[in-house]
Amino acid sequence: MTREELRKRLQDYSRTGNWIATGVLVFFFALLISAGLLTSRAPKNDPIGFIWPVIMLVIMPASFFVMYRVGKRRSRQHSLTCPHCGRVLAGTPAPIVIASGRCCYCGHAVISDL
Ligand SMILES: [Zn+2]
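Keep in mind that this is a model prediction, so the values were computed, not measured.

1. Concerning the overall build of the protein
And step 1. Along the protein, the regular secondary structure elements total 3 helices and 0 strands.
And step 2. Going from the N terminus to the C terminus, the protein shows its helices and strands as α-α-α.
And step 3. Since a compact globule built from 114 residues should have a radius of gyration of about 13 Å, the 20 Å found for the protein marks it as more spread out than a globular shape.
And step 4. Projected onto its principal axes, the C-alpha coordinates of the protein cover approximately 65 × 25 × 20 Å.
And step 5. Evaluated residue by residue, the protein yields a buried proportion of 10% over its 114 residues.
And step 6. Within the protein, counting contacts between residues at least 6 apart in sequence, those at least 24 apart form 46% of the total.

Okay, here's the thing in structure tokens:
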């Protein structure tokens, strides 16, 4: 992969990732607002008052895990993983990989036009 191909893949990865993150945020805040409305309107000592916070405490880590798995799968689809160690090169490592041409985790060359 050349440096320019890597930049193009990172742009495509970022563009689709922004739409996915927006969808997840809208879903999460819709759920949060509906939970707040339900608990505020619930009669005193109604179990819904403590069930929703528990559900939200389960949904939050689950959504973070799903986002992590989706991000990893997307990076494989866009060929943005190191061919030597398999770590994701998108996100924080991307500028390091573009500048150095090497994986920031294992140090192997990932760009052919060094
Ligand atoms: Zn590597």
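Picking up after the structure, the text goes on.
2. Regarding the confidence of the model for the protein
And step 1. In the predicted model, the protein carries a mean pLDDT of 89, and the fraction of residues at 70 or more is 100%.
And step 2. Per-element confidence in the protein ranges from a low mean pLDDT of 86 for helix α2 (residues 48-77) to a high of 94 for helix α3 (residues 94-100).

3. Overview of unusual backbone geometry
And step 1. Backbone geometry at N45 places phi at a positive 65°, although glycine is not the residue there.
And step 2. The residue N45 is located in the loop between α1 (3-41) and α2 in this model.
And step 3. Residue N45 is classed as exposed on the basis of its C-beta count, with 7 C-beta atoms lying within 10 Å.

4. Description of the packing of α1 against α2
And step 1. At a minimum axis distance of 10 Å, the contact between α1 and α2 shows a crossing angle of 175°. It follows that α1 is roughly antiparallel to α2 by the angle criterion. Between α1 and α2, the residues in contact are Y13, T16, G17, I20, V24, F28, L31, L32, A35, L38 and T39 and I48, G49, W52, M56, I59, S63, M67, V70, R74 and S75, respectively.
And step 2. Classifying every residue of the contact of α1 with α2 by side-chain character gives 14 nonpolar, 6 polar and 1 charged.

5. A closer look at α2
And step 1. An ideal rise of 1.5 Å per residue puts 44 Å on 30 residues; α2 measures up with 41 Å between its terminal C-alpha atoms.
And step 2. At the exit of α2 stands S79, carrying a positive phi of roughly 55°.

6. Brief notes about α1
Spacing of three or four residues puts side chains on the same side of an α-helix, whose turn is 3.6 residues.
And step 1. Here α1 is 39 residues long and its end C-alpha atoms lie 56 Å apart, about the 57 Å a rise of 1.5 Å per residue gives.
And step 2. Close packing links the buried residues of α1 with α2 and α3.

7. As for the nonpolar core
And step 1. The biggest cluster of nonpolar side chains holds 9 residues, and these are L6, L10, Y13, L80, L89, A90, V97, C103 and V110.
And step 2. Counting residues per element, this core draws most heavily on α1, at 3 residues.
And step 3. Beyond its immediate stretch of four places on either side in the chain, L10 contacts L80, A90 and A94.

8. Some words on the environment of S14
And step 1. One can find S14 in helix α1.
And step 2. With 77 residues separating them along the chain, S14 and G91 place their C-alpha atoms 8.5 Å apart.

9. Observations regarding the environment of S63
And step 1. Here S63 is to be found in helix α2.
And step 2. For the pair S63 and E4, spaced 59 residues apart in sequence, the C-alpha to C-alpha distance is 33 Å.
And step 3. Setting aside anything within four residues of it in sequence, one finds S63 in contact with V24 and F28.

The rules behind these values
- Residues numbered from 1 in each chain as written.
- Predicted model: local features only at pLDDT ≥ 70, side-chain atom pairs only at ≥ 80, totals over all residues.
- Helix = DSSP H or I, 4+ residues; strand = E, 2+ residues; numbered from the N terminus.
- Rg over C-alpha atoms; globule rule 2.2 N^0.38 Å.
- Buried ≥ 20, exposed ≤ 12 C-beta atoms within 10 Å, placed from the backbone.
- Contact = placed C-beta atoms within 7 Å.
- pLDDT = per-residue confidence, 0-100.
- Axes fitted to C-alpha atoms, helices over the stretch in contact; angles between N-to-C directions.
- Parallel < 35°, antiparallel > 145°, perpendicular 65-115°, else oblique.
- Nonpolar A, V, L, I, M, F, W, Y, C, P; charged D, E, K, R; others polar.
- Expected span 1.5 Å × (residues − 1).
- Core = buried A, V, L, I, M, F, W, Y, C linked by C-beta atoms within 7 Å.

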